[in-house]
Amino acid sequence: MNSETDLKQIATDLVGRATAAGTTAAEAVVREGSEFSTVVRLGTVETLKESGSKALGVRVFFGARSASTYTSDFSHEGLEKVLSSALALARVTSEDPNSGLPRPDELGAIPGDLDLYYEDVYSLSTAGRIDYARRAEKAALDFDARIRNSEGGSFDAALGHKVLANSLGFVGEYRRSYCSVTAVPIAQSNGSAMQRDYWYSVARSLGRLDPPEQVGKIAAERTLRRLGARKAKTARVPVVFDPMVSRSLLGHVFEAVNGDSVYRGASFLAGKLGQRVAAENINVIDDGAMPGGFGTSPFDSEGVPTRRTVVVNRGVLDSYLLNTYTAKKLGLATTGNASRGLAGNPGIGVGNFFLQPGTKTPQQIIAEIPEGLYLTELLGFGVNPVTGDYSRGASGLWISRGELAYPVEEITIAGNLREMLFNISEIGNDLEFRGSVAAPTLRLDGLTVAGE
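Residues numbered from 1 in each chain as written. Predicted model: local features only at pLDDT ≥ 70, side-chain atom pairs only at ≥ 80, totals over all residues. Heavy atoms only, no water.

## Observations regarding the packing of helix α3 (residues 126–143) against helix α4 (residues 212–224)
As a reminder, the rule being used: For helices, the fitted line uses only the C-alpha atoms of the stretch in contact; every axis is such a line through C-alpha atoms, and the angle between N-to-C directions lies from 0 to 180 degrees. Helix and strand definitions follow DSSP, with helices as H or I runs of at least four residues and strands as E runs of at least two, each counted in order from the N terminus. In these notes the angle categories are as follows: under 35 degrees is roughly parallel, over 145 is roughly antiparallel, 65 to 115 is roughly perpendicular, and the rest is oblique. In a left-handed crossing the near helix is turned counterclockwise from the far helix by less than a right angle, and in a right-handed crossing that turn is clockwise. Whether two residues touch is decided by their heavy atoms; if any such pair falls within 4.5 Å, the residues are in contact. Gly counts as polar in this scheme, as do all residues outside two lists: the nonpolar Ala, Val, Leu, Ile, Met, Phe, Trp, Tyr, Cys and Pro, and the charged Asp, Glu, Lys and Arg.
Viewed as axis vectors pointing N to C, α3 and α4 meet at an angle of 40°, and their least axial separation amounts to 7 Å. Taken together, α3 and α4 sit at an angle that is classed as oblique. Classified by chirality, the crossing of α4 by α3 is right-handed. Judged by residue contacts, Tyr 132, Arg 135, Ala 136, Ala 139, Ala 140 and Phe 143 of α3 engage Pro 212, Glu 213, Gly 216, Lys 217, Ala 220, Glu 221 and Leu 224 from α4. In terms of residue class, the contact of α3 with α4 is built from eight nonpolar, one polar and four charged.

Put into structure tokens, the structure is as follows:
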């Protein structure tokens, strides 16, 4: 019997046994996967990890009481124990009228191939994987004499298989694959402070990864442009967010539209459905059904099909992102964004959460700014999701007369997310997914850059 049948059989058997034990509802999730990771530093293998894992979780309901347990023991005794523990816990937990599985008519999975799984991520030998990491680091080190050290080059690969079954008759499964190559060089020049930066490529398939040499070269260029960084004068100037930084801004938007935050009142966007919350050029979309996406799956962690949800439409808040529980709390319908580990109740996760790109190139956006900041890195966690207050340590490049003039560091940018979303005056055309959250280059006005 192959593992595919095994996992499905285990999940459906567990659900059947839970139902036979008198539960009103039950679900089981089973996962198995393998991971590989290596770091090469200055040409020598520093770490090499390879692991496989298999685990399952079960959640059971007695009316409005529920509990969940998990295990990595797939023996008959292990499965008996994990189920009996869940049943015992559920009988003594307090009732929550909003808990429960989705309605039967809400369940399902997107049919067809979503372009998520490629066995070629494991096609390289161990030596071949190490060579990927070594080539990325070497390209960075060879790029310029000022690159004098390195935190390493790395190569990672992973395969995963997930099965979900529940007592309403839903049984679904999917596989996903992932690989990445990274370089983190360190540069120093004429006694100046050392600077580090990085670059990486990530893909579902080995064949779609950027060449390691290209990754190393870009990492070197990003590191070298930080040399000789100085403080900037305190000023209120336009700030251009590099895509690697603008996606963190979008991450704060996700936290604000996350149903958990909304029903608790812990979001500056709570109670704002149907209202204008951003500039008219802002369109934010969550698409868990996008083929090949890093946040794509045929169904969410409750067995509800993933979908495309327009969250912000021309600046108006159209939708929150919800699972079954938060939807009931808010009197709305799930958006197929349930996300969970093996134990506990589902939370909310992104599908592929992105800000729709504009038409201008990053160069065109920068060229229109007489004096400003091109932001490449944020530090610290000075963001209040309730009030929207925003203050982060930062570094980047100063813009003067429409050009990147010199690197700056040890500065702080401050504003408020409520206003910042209205002050996005330009959106770049350079949207690229390097994970499940993505945004293009953005220009924000009205921010204070605090330096000297």
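## Considerations on the pairing of strand β8 (residues 235–241)
Cut-off, in case you're wondering: For each residue, the accessible area found with a 1.4 Å probe, counting protein chains only, is set against the maximum for its type, and the residue is called buried under 20%, exposed over 50%, and partly exposed in between. Any two strands between which DSSP finds at least two bridges are classified as paired.
Counting buried residues in β8 gives five out of seven residues, a clear majority hidden from the surface. Where β8 lies against strand β20 (residues 442–450), six bridges are found, and the strand directions are antiparallel. Bridge pairing in β20 links Val 240 to Arg 443. As defined by bridge partners, β8 adjoins strand β15 (residues 371–379) across three bridges and the pair is classed as parallel. Its bridge partner being in β15, Val 239 is matched across the sheet by Leu 373.

## Observations regarding the nonpolar core
Rules: What we call a nonpolar core is a set of buried Ala, Val, Leu, Ile, Met, Phe, Trp, Tyr and Cys residues that are connected through their side-chain atoms within 4.5 Å.
Counting residues in hydrophobic clusters, the biggest one holds 50 residues, and the most contacted among them are Phe 241, Ile 282, Phe 353, Leu 373, Leu 375, Tyr 390 and Ile 413. If one sorts the elements of this core by residue count, helix α5 (residues 243–257) sits on top with seven residues. Excluding its chain neighbours within four sequence positions, the residues that come into contact with Phe 353 are Leu 250, Val 253, Phe 254, Val 257, Val 284, Ile 285, Asp 286, Val 311, Leu 321, Ser 436, Val 437 and Ala 438. Of all hydrophobic cores here, the second largest spans 23 residues; its members include Ala 18, Leu 56, Val 82 and Val 163.

## Overview of the side chain of Ser 319
On the secondary structure map, Ser 319 appears in the loop between β11 (316–317) and α7 (324–330). Beyond its immediate chain neighbours, meaning those up to four positions away, Ser 319 contacts Val 257, Leu 273, Thr 309, Val 310, Val 311 and Thr 335.

## A word on the environment of Val 60
Tracing the backbone shows Val 60 in strand β2 (residues 44–62). A relative accessible area of 0% means that Val 60 is categorised as buried. For the pair Val 60 and Ala 414, spaced 354 residues apart in sequence, the C-alpha separation works out to 46 Å. Every residue in contact with Val 60, bar those within four places of it in the chain, is listed here: Ala 18, Thr 23, Ala 25, Ala 26, Arg 65, Ser 66, Ala 67, Leu 83, Ala 86, Leu 87 and Ala 90.

## Quick notes on α3
Note the cut-off: An expected span of 1.5 Å times one less than the residue number is assigned to each helix.
In this model α3 runs 26 Å from its N-terminal to its C-terminal C-alpha over 18 residues, within 8% of the 26 Å that 1.5 Å per residue would give. What α3 keeps buried is the set Gly 128, Arg 129, Ile 130, Tyr 132, Ala 133, Ala 136, Glu 137, Ala 139 and Ala 140. Of the surrounding elements, those touching the buried residues of α3 are β1 (25–41), β2, β4 (147–166), β5 (171–187) and α4.

## Remarks on the pattern of salt bridges
Here is the rule we go by: When a carboxyl oxygen of Asp or Glu is within 4 Å of a side-chain nitrogen of Lys or Arg, the pair counts as a salt bridge.
Scanning the model with the defined rule gives 26 salt bridges in all. The shortest N-O distance in the salt bridge between Asp 142 and Lys 138 comes to 2.5 Å. Of this pair, Asp 142 and Lys 138 both sit in helix α3, four residues apart, roughly one helical turn. A salt bridge links Glu 151 to Arg 196; its shortest N-O distance comes to 3.2 Å. Placement of Glu 151 in strand β4 and of Arg 196 in strand β6 (residues 195–196) is noted, with a sequence separation of 45 residues between them. Connected through shared salt-bridge partners, Asp 197, Arg 222, Arg 226, Asp 242 and Glu 377 make up one network.

## Side note on helix α2 (residues 76–92)
To be explicit about the condition: Arc definition: directions from the helix axis to the C-beta atoms.
Over its 17 residues, α2 extends 25 Å from the first C-alpha to the last, a length consistent with the 24 Å expected when each residue adds 1.5 Å. Among the residues making up α2, those that are buried are Gly 78, Leu 79, Val 82, Leu 83, Ala 86, Leu 87 and Ala 90. Summarising the axial view, the buried residues of α2 lie within an arc of 165°, below the 170-degree limit, and thus occupy one face. The exposed residues of α2 that point more than 90 degrees off its buried face are His 76, Glu 77, Lys 81 and Val 92.

## Observations concerning the sheet that holds strand β19 (residues 437–438)
Pairing within the open sheet is mixed, and its five strands lie in the order β11-β10-β9-β14-β19. Two strands bound the open sheet, and with one partner strand each, they are β11 and β19. Both strand β9 (residues 284–287) and strand β10 (residues 308–313) contribute to a ladder of four bridges, which runs antiparallel. Following the sheet pairing, Asp 286 is matched in β10 by Thr 309.

## A few points about the packing of aromatic side chains
Let me state the cut-off plainly: Any two of the Phe, Tyr and Trp rings considered here, Trp counted by its six-membered ring, make a pair once their centres fall within 6.5 Å; the pair's planes then place it as stacked at under 30 degrees, edge-to-face at over 60, or tilted in between. In this analysis the charged atom, NZ for Lys or CZ for Arg, is taken to sit over a ring once it is within 6 Å of the ring centre and within 35 degrees of the ring normal.
Inspection of the entire model under this criterion finds nine aromatic pairs. Between Phe 36 and Phe 155, the ring centres sit 6.5 Å apart and the planes meet at 55°, which makes this aromatic pair tilted. Note that Phe 36 is positioned in strand β1 and Phe 155 in strand β4, a separation of 119 residues in sequence. An aromatic cluster is built from Phe 36, Tyr 132 and Phe 155, whose rings are joined through pairwise contacts. Lying over the aromatic face of Tyr 200, Arg 434 brings its terminal NZ or CZ to 5.3 Å of the ring centre.

## Side note on unusual backbone geometry
Positive phi values are uncommon outside glycine, yet Leu 42 reaches one of about 50°. Position of Leu 42 relative to the elements: it lies in the loop between β1 and β2. Judged by relative accessible area, which is 44%, Leu 42 ranks as partly exposed. Despite not being glycine, Asp 115 has its phi angle at roughly 65°, a positive value. Mapping Asp 115 onto the fold places it in the loop between α2 and α3. With relative accessibility at 19%, the residue Asp 115 sits in the buried group.

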